[in-house]
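Notes for the structure review
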Amino acid sequence: MADRDPECIFCGIVAGAISGSFVYEDARVVAFLDINPVNPGHLIVIPRTHAPLLADTDEETGAHLFRVAHRLAQSLRDSGLRCEGINLFLADGEAAF
Ligand SMILES: [Zn+2]
C-alpha cells in the first residue's frame, strides 16, 4: 500500500494540502481537531501513512495510536475544557466511519 492516497482527505491533512489544526505530531502519528466536533476537544489521531484499516498499520503503530490517544486524553482533562468523560472510538474501515 502506498504511504499516501491522493483521494484520501486524511492523507491530504497529513501532507498539508488540506488545513488542519494539529495538536500533536511525531514520526508515526498526527492528531488534530475534528472539523465537525461532537464535543469541544474532539480529536482525531491517525497514522502518517494511509491506513483505511487497522490491519494496514503495523502493530507498533497501532499501539502508538493508543499511546498518543492516552496522553491526549489526559491533556484534555488538564486543559480547562469541561470534560466529564472521554470516548475513545476506533473507526476500522470506511463502513465504520
Ligand atoms: Zn489516507
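Let us look at the structure shown here. On a predicted model such as this, the values are computed, not experimentally measured, just so you know. (Residues numbered from 1 in each chain as written. Predicted model: local features only at pLDDT ≥ 70, side-chain atom pairs only at ≥ 80, totals over all residues.)

1. Here's the deal with the overall build of the protein chain
The condition that has to hold: Put simply, DSSP H or I for four residues or longer makes a helix, DSSP E for two residues or longer makes a strand, and each gets a number counted from the N terminus. For the radius of gyration, the atoms used are the C-alpha atoms, and the globule rule reads 2.2 Å times the number of residues raised to 0.38. Using C-beta atoms placed from the backbone, we call a residue buried if 20 or more other C-beta atoms fall within 10 Å of its own, exposed if 12 or fewer do, and partly exposed for counts in between. Residues are defined as contacting one another if the C-beta atoms placed from their backbone atoms lie within 7 Å.
Broken down by element type, the protein chain carries two helices and three strands. In terms of overall size, the protein chain behaves like a compact globule, its C-alpha atoms giving a radius of gyration of 13 Å where 97 residues would be expected to give roughly 13 Å. Its C-alpha atoms put the protein chain at 40 × 30 × 30 Å along the principal axes. Within the span of the protein chain, comprising 97 residues, buried residues form 13% of the whole. Considering only residue pairs separated by 6 or more positions, the protein chain has 41% of its internal contacts joining residues 24 or more positions apart.

2. Observations regarding helix H2 (residues 59-78)
The following threshold applies: Take the number of residues in a helix, subtract one, and multiply by 1.5 Å to get its expected span.
Helix length check: H2 (20 residues) gives 29 Å between terminal C-alpha atoms against 28 Å at 1.5 Å per residue, within 8%. Gly80 sits one or two residues past H2 and shows a positive phi near 100°.

3. Notes on the environment of Arg4
Inspection of the secondary structure puts Arg4 in the segment before helix H1 (9-15). Looking at Arg4, the number of C-beta atoms within 10 Å reads 16, which means it is partly exposed. Separated by 22 residues in the primary sequence, Arg4 and Asp26 have C-alpha atoms spaced 17 Å apart. Filtering out sequence-adjacent residues up to four positions away, Arg4 remains in contact with Cys11, Ala15 and His50.

4. Here's the deal with the nonpolar core
Using the following cut-off: Structurally, a nonpolar core is described as a collection of buried Ala, Val, Leu, Ile, Met, Phe, Trp, Tyr and Cys residues joined by way of C-beta atoms within 7 Å.
Listed in full, the ten residues of the largest apolar core are Phe10, Cys11, Val14, Val29, Ala31, Leu43, Val45, Ile46, Leu65 and Val68. Listed by contribution, the elements that provide at least two residues to this core are H1, strand S2 (29-33), strand S3 (43-47) and H2. If near-sequence neighbours (up to four positions away) are discounted, Val14 is found in contact with Val30 and Arg48.

5. Quick look at the sheet that holds S3
Filter applied, for reference: At least two DSSP bridges between two strands are required for those strands to pair. In this description, a line fitted to the C-alpha atoms serves as the axis of each element, helices being fitted only across the stretch in contact, and the angle between N-to-C directions of two axes falls anywhere from 0 to 180 degrees.
As summarised here, the arrangement of the three strands in space is S1-S2-S3, forming an open sheet in which the pairing is antiparallel. Each of the sheet's edge strands pairs with one partner strand only, and the pair in question is strand S1 (22-25) and S3. The sheet shows a mean angle of 15° between the axes of neighbouring strands, direction not considered. Taken together, the five bridges between S2 and S3 define a ladder with antiparallel strand orientation. Paired with Phe32 across the two strands is Ile44, which belongs to S3. Contacting S1, S2 and S3, H2 crosses the sheet at an angle of about 155° to S3.

6. Quick look at the pairing of S1
The sheet contact formed by S1 and S2 spans three bridges and is antiparallel. Within the sheet, the bridge partner assigned to Phe22 lies in S2 and is Phe32.

Any functional reading would require information that these geometric values do not contain.
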